[in-house]
Amino acid sequence: MVGEADCAKKTCCQTAKAVEEPASELCFQCRGQLSSYARISAVIDGQTRQFCCGSCKQTATHIERNHWSQFFARRRNSARLQQALTTPTGANPEGQWRLLDSPDVAAQYVSTSADGSRELWLDLPGMYCASCAWLIEQALSKMSASISTHIDVPRKQALITFQDPTLSLVAIVEALEKLGYRPAPVSLQQQSPDSQHDATVERRQALKRIAVAGLGMMQVMTYAVAMYFGNFQGIDPEFERFFTLLSMLIATLVVFYSGRMFFDNAWNDLRHGRMGMDVPIALAIGGAYFPSVYQTLFRTDGHVYFDSAVMFIFFLSLGRFVESTARHALTPAPIVVSKMLPQHIEVRRQSKGQWQPQIVNPQAILIEDRARLQGGEIVPFDAKIIAGSALLDESLLTGESAAVQRHAGDHILAGTQLLKGNIEVSASTPWRNSWIARIERMLRHGGQTDPQASDTLQEAARHFVAAVLIITLITGLIWWVIEPDRVFQIVLAMLVASCPCAFSLAAPLGVTAASQAMRTKGILMCNFAALNKLPEVNLWCFDKTGTLSKGSPSIAKVDVFGSWTTDQALAIGSALEENSEHVIARAFHAIDRHYDADAVQQFDGQGLSGRVAGERYFLGKPEWVIGQCDWRLTDQSRVRQLVSDREDTIVVLGSPTHAVAVFQIRDDLRVQAAPTIADLVGRKQQVMILSGDQPANVTAVAAAVGADQAQGGLLPQQKQEIVRRLQKTGAVVAMVGDGVNDAPVMSQADVSIAMSGGSELSKSQADFIILNERLSGLNKLQAIANKTKAITNQNLRWALTYNVIVLPLAAAGFLQPWIAALGMSLSSLLVVSNALRIAR
Amino acid sequence: MEIIYILIPLSLVLLGVALWAFFWAVRNGQFDDLESPASEILEPESNSENTAHDCD
């Protein structure tokens, strides 16, 4: 099942490009690319459709059987939303939740309300769009009449409410798994401090503030225009007074409702002895508003600045809202490695000389706890095999792509997957010392030492603010001596003129525009600070499997002998390999089975034999197959000839009397791998491959793509160590990775980039995620970062120049506060429109 | 021109109504998710038809 897990859970389109009627080379279900020898098809809604693997076909036929085929039509309409943010980790979660129905476990997940209905929250990371939500609702409503589903698409969660006390939670989870999703119940503990909820409340507050400020601004501006023109053309004093009073009324509302945030922030900053950005903003707002109130109520000769006050508030709160929305939308929730393990394990624990069955969390495991594991399960704790032997897939943790056979006495690690076999294990370490807990610690550690791209701009703005306030104070004092009447006007003009609005907008605007530009290129920016690092990067490290290569072996070429056809050879091959979990066998899983093989025998590390349609066949390494059979010499030499010509893995199929076919199997490099690396090298960047795979494979790939250096057989810490050493020598490292084993090195690197097909974990660590799995995005990435840096610097220079020029003018009394305010708005507008150039 | 003494307060009342409507919409979660509802409206009839079919 492992080969299929790679593609099984992408129910929606992989990329937005697959919008039209599915092209023949795409899998109908997951829209993944089909390899040229894929031969799996099924009739869906009267049309023959191609699939990349058995479980995609299974999911699609399951959907059709239940009369939900509208799903296929629907999802086309919402292709825009189908960005593959999450794809499977490669682990098969079968049975991860199988103990969910036991009362102790269920109590952790299900809440019961007063009317007896029960509620269960599910995380659904595979859900991208509303058509998924529709499908889920259909599937669940079929299970019980009392069930109701609320799907929260942006949060990728479902709330399931049901009355029926007999309804099995496991059945719910399984029903969704059948549709190709990977549901994970959310425990009550996780639900209570709901940060998402806070974000919603905050968003609503911000929207209301903006609405009040915006509408208020329009009103006040209208009156202000009337009064400006009145100054030139003449206006009745009573109308002017009326407009002023109205302006005051509305400005009061805006200042105290929408502007409160700035006063609160400024007060907070001051209380903690900081000079925040909000201090001058609050001073400017207060400085424009309060004296104007005084003017309006007690004197009638001066100018009022209500329009400036509301305009500040509107533009600034709008800017902050846009920035924080982008931030919220782009930051994926942190994910912990241990989530990939079964959350509840049935163990037998020794107490008072007796073995007692118990259900525990992986974190609560004790040394010597015993458990029985079978094929498909994920090893829940570091353990020693005490009985049996099994084939294990350790790729998740070590990066080694070939499955390994482990026997009694061997140690196995939590997070590896049991492919085949039955074993009895005994826990060898407590959770604290387990491999997976160490990876988690490394991640945290890496995150801490990660040089925080210190926000020098914020720092600079702070100093600027402090300096301006001092200068304003001094100027005010000087004017107090020279001409006390004008002090107020001049101080206000200075505060407004010096407001570092444009300055403080420049950086966040640049980031927002850059993230927009990246999105259109299929790249998601998760960490804004990394954008500043990107132009400095001079060393690019790549993981191999899943990053440079596609990560799943496929049949690249079939050479047939005699009168055999390719289809026949493929059919026999897939019948034999159906029973094998060897990595090579995954290539054959993309072919429909027409035959069943019997009397299948596996020969460790060599190949297998079995009877298909009454005839005996051998499939495996060339020399082994030749040795087993009695072929004509011409066949033998042709096979040897083909083997020596090829660099890829070769598998030979033959019957005892004659050769049938030679399969060339390859983990294809991504098409853009070589051009992308050539481009990087062309720009004087160093390129290095760090992989957990066998050194021989890694060197071959390095040669194929043209990388300067390559190291294979690396453990996660070793990768991290290499990067740390390189950083000490002055390299600024960007890591492009994929698997869980890349997560530590990604947090160590200055900039980390994940492929969207990668594991949840590496993505949660990544600064950037390439959504469309096109490596060529990397070059665009740096181009966008460079452009952003250039334009942001331009903006900063402009903003600074403006402030530096205007401040003396204001100090000298040449500037009316309203001109200063207009200038400030125009300067901000200029910065905004300049930043928009990034997105173009 | 005295008419503005009526018209402007009237416009303010309208403003108040608009704000109230907007606040109401925000409170009801109309602005919480601006993306998925756009694609949620597809084929409601066949939807209910299907559910009925599944129930019997």
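What counts as what
Residues numbered from 1 in each chain as written. Chains lettered and ligands numbered in written order. Predicted model: local features only at pLDDT ≥ 70, side-chain atom pairs only at ≥ 80, totals over all residues. Buried ≥ 20, exposed ≤ 12 C-beta atoms within 10 Å, placed from the backbone. Helix = DSSP H or I, 4+ residues; strand = E, 2+ residues; numbered from the N terminus. Pairing = 2+ DSSP bridges. Axes fitted to C-alpha atoms, helices over the stretch in contact; angles between N-to-C directions. Contact = placed C-beta atoms within 7 Å. pLDDT = per-residue confidence, 0-100. Arc of directions from axis to C-beta.

1. Quick word on unusual backbone geometry
All names here are of chain A. Located in the positive-phi region is Glu368, a residue other than glycine, with phi close to 85 degrees. A residue is classified by how many C-beta atoms lie within 10 Å of it, and Glu368, with 13 of them, is partly exposed. Positive phi, close to 50 degrees, is recorded for Ala613, a residue that is not glycine. Tracing the chain through its elements places Ala613 in the loop between β20 (607-612) and β21 (615-620).

2. With respect to the sheet that holds strand β24 (residues 686-690) of chain A
Residue and element names in this part refer to chain A. Pairing within the open sheet is mixed, and its seven strands lie in the order β16-β28-β27-β26-β17-β24-β25. The sheet terminates laterally at β16 (523-525) and β25 (709-711), the two strands that pair on one side only. Looking at each pair of strands side by side, their axes are set apart by 20 degrees on average, direction ignored. The sheet contact formed by strand β27 (residues 751-755) and strand β28 (residues 768-770) spans three bridges and is parallel. Across the sheet, Met755 pairs through a bridge with Ile770, a residue of β28. Across the sheet, helix α26 (residues 716-728) touches β17 (539-542), β24, β25 and β26 (733-737), and the angle it forms with β26 is around 160 degrees.

3. Some details on the confidence of the model for chain A
Atom-level detail of predicted coordinates should not be read off regions where pLDDT is low. Residues and elements named next belong to chain A. Taken over all residues, the pLDDT of chain A has a mean of 76, while the share at 70 or more is 78%. Across chain A, helix α9 (residues 237-257) holds the top mean pLDDT of 91, while helix α1 (residues 2-8) sits lowest at 38. For the stretch residues 1-24, pLDDT sits under 50, and the model shows 76 contacts to residues farther than four places along the chain or on other chains. Segment residues 330-335: pLDDT under 50, and twelve contacts once partners within four positions in sequence are set aside and those in other chains are kept.

4. Re the environment of A:Phe314
Following the sequence through the fold, A:Phe314 ends up in helix α12 (residues 306-330). Once residues lying within four places of it in the same chain are set aside, the contact partners of A:Phe314 are A:Ala213, A:Gly214 and A:Met217.

5. Re helix α24 (residues 673-682) of chain A
Residue and element names in this part refer to chain A. Turning to α24, its buried residues number three or more, namely Ala673, Thr676, Ile677 and Leu680. Buried residues of α24, viewed axially, fall in a sector of 95 degrees; they line one side. Those residues of α24 hidden inside the fold are in contact with β17, α19 (544-548), β24, α25 (695-705) and α29 (777-811). Looking one or two residues past α24, Lys684 carries a phi angle of roughly 60 degrees, positive in sign.

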